[in-house]
Amino acid sequence: VQLQASGGGLVQAGGSLRLSCVGFGRTFSNYNMGWFRQFPGKEREFVATISRFGGRTNYTDSVKGRFTISRDNAKNTVYLQMNSLKPEDTADYYCAAHRATSLVVPTSPGDYDDWGQGTLVTVSS
């Protein structure tokens, strides 16, 4: 599936952004979806994942209570609502798709098959 992410930008600390990622070319509901981020000079890391029909979500500890992942399969779109943003959230954010073959929703970037382009989130202090 081809993915196109959007919604990044510059925001002050404490503010909010919503990232969107639209999928093309495959049945979107066949895929678990994830958001990952990458800090300069670092490996890409897990932020949040959501199962095929949205029943299961998972978050890295640093964003729990602040970020919410959701999806609308009718629109082939996955979202990441980011509230109470902190300067340490500044990174390139990527959406990714994992073809679901079991009930396991992976959190490792290496398990994801398709990636959107990054969208930069910058949080100023």
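Structure's up top.
Residues numbered from 1 in each chain as written. Predicted model: local features only at pLDDT ≥ 70, side-chain atom pairs only at ≥ 80, totals over all residues. Heavy atoms only, no water.

**So, the nonpolar core**
Where we set the bar: Buried Ala, Val, Leu, Ile, Met, Phe, Trp, Tyr and Cys residues form a nonpolar core when they are joined through side-chain atoms within 4.5 Å. Burial status follows relative accessibility: with a 1.4 Å probe on protein chains alone, a residue under 20% of its type maximum counts as buried, one over 50% as exposed, and anything between as partly exposed. For the purposes of this entry, the term helix denotes a DSSP run of H or I that reaches at least four residues, the term strand denotes a run of E that reaches at least two, and both are numbered from the N terminus. Contacts were defined at the residue level, with two residues in contact if any of their heavy atoms lie within 4.5 Å.
Among the nonpolar cores identified, the biggest contains 28 residues, and Met33, Trp35, Leu80, Met82 and Tyr93 are the most heavily contacted of them. Counting residues per element, the ones that place at least two in this core are strand S1 (2–6), strand S3 (17–24), strand S4 (31–38), strand S5 (45–50), strand S7 (67–72), strand S8 (77–82), strand S9 (91–99) and strand S11 (119–124). Broken down by element, the residue count for this core peaks at four residues, all from S9. Dropping the residues within four chain positions of it, Leu80 is found in contact with Leu17, Arg18, Leu19, Trp35, Val47, Ala48, Phe67, Thr68, Ile69 and Tyr93. In this structure, Phe36, Phe46, Ala96 and Tyr112 belong to the second largest nonpolar core, which totals five residues.

**Overview of the sheet that holds S7**
Threshold: By the convention used here, strands pair only if DSSP detects at least 2 bridges between them. Interaxial angles span 0 to 180 degrees and are taken between N-to-C directions of axes, which are lines fitted to C-alpha atoms, for helices over the stretch in contact.
Sheet architecture is open: four strands sit in the order S1-S3-S8-S7, paired in antiparallel fashion. The two strands at the open ends of the sheet, each matched to only one other strand, are S1 and S7. Strand-to-strand twist in this sheet, taken as the mean axis angle between neighbours without regard to direction, amounts to 15°. The pairing of S1 with S3 spans five bridges and is classified as antiparallel. Directly across from Gln2, in S3, lies its bridge partner Phe24.

**Side note on the environment of Lys42**
The residue Lys42 is located in the loop between S4 and S5 in this model. The spatial distance from the C-alpha of Lys42 to the C-alpha of Lys75 is 32 Å, given a sequence separation of 33 residues.

**Brief notes about the packing of aromatic side chains**
Let me state the cut-off plainly: Planes of paired rings set the category: under 30 degrees apart is stacked, over 60 is edge-to-face and the rest tilted, where pairs are Phe, Tyr or Trp rings (Trp by its six-membered ring) whose centres lie within 6.5 Å.
Within the structure shown, the criterion is met by four aromatic pairs. Seen in terms of ring centroids, Phe36 and Tyr112 are 5.0 Å apart; in terms of plane orientation they differ by 70°. Their pairing is edge-to-face. Taken together, the residues span a long stretch of sequence, with Phe36 in strand S4 and Tyr112 in the loop between S9 and strand S10 (114–115) at a distance of 76 residues. A relative accessible area of 0% places Phe36 in the buried class.

**Details of the pairing of S9**
If a strand is regular, its side chains alternate between the two faces of the sheet. The buried count for S9 comes to seven of nine residues, which makes it a mostly enclosed element. Looking at chain direction, S9 and S11 are connected through three bridges and run antiparallel. Each residue of the ladder has a partner; that of Asp92, found in S11, is Leu120. Two elements, S9 and S10, share two bridges in a ladder whose sense is antiparallel. By the bridge assignment for S10, Ala96 is matched with Trp115.

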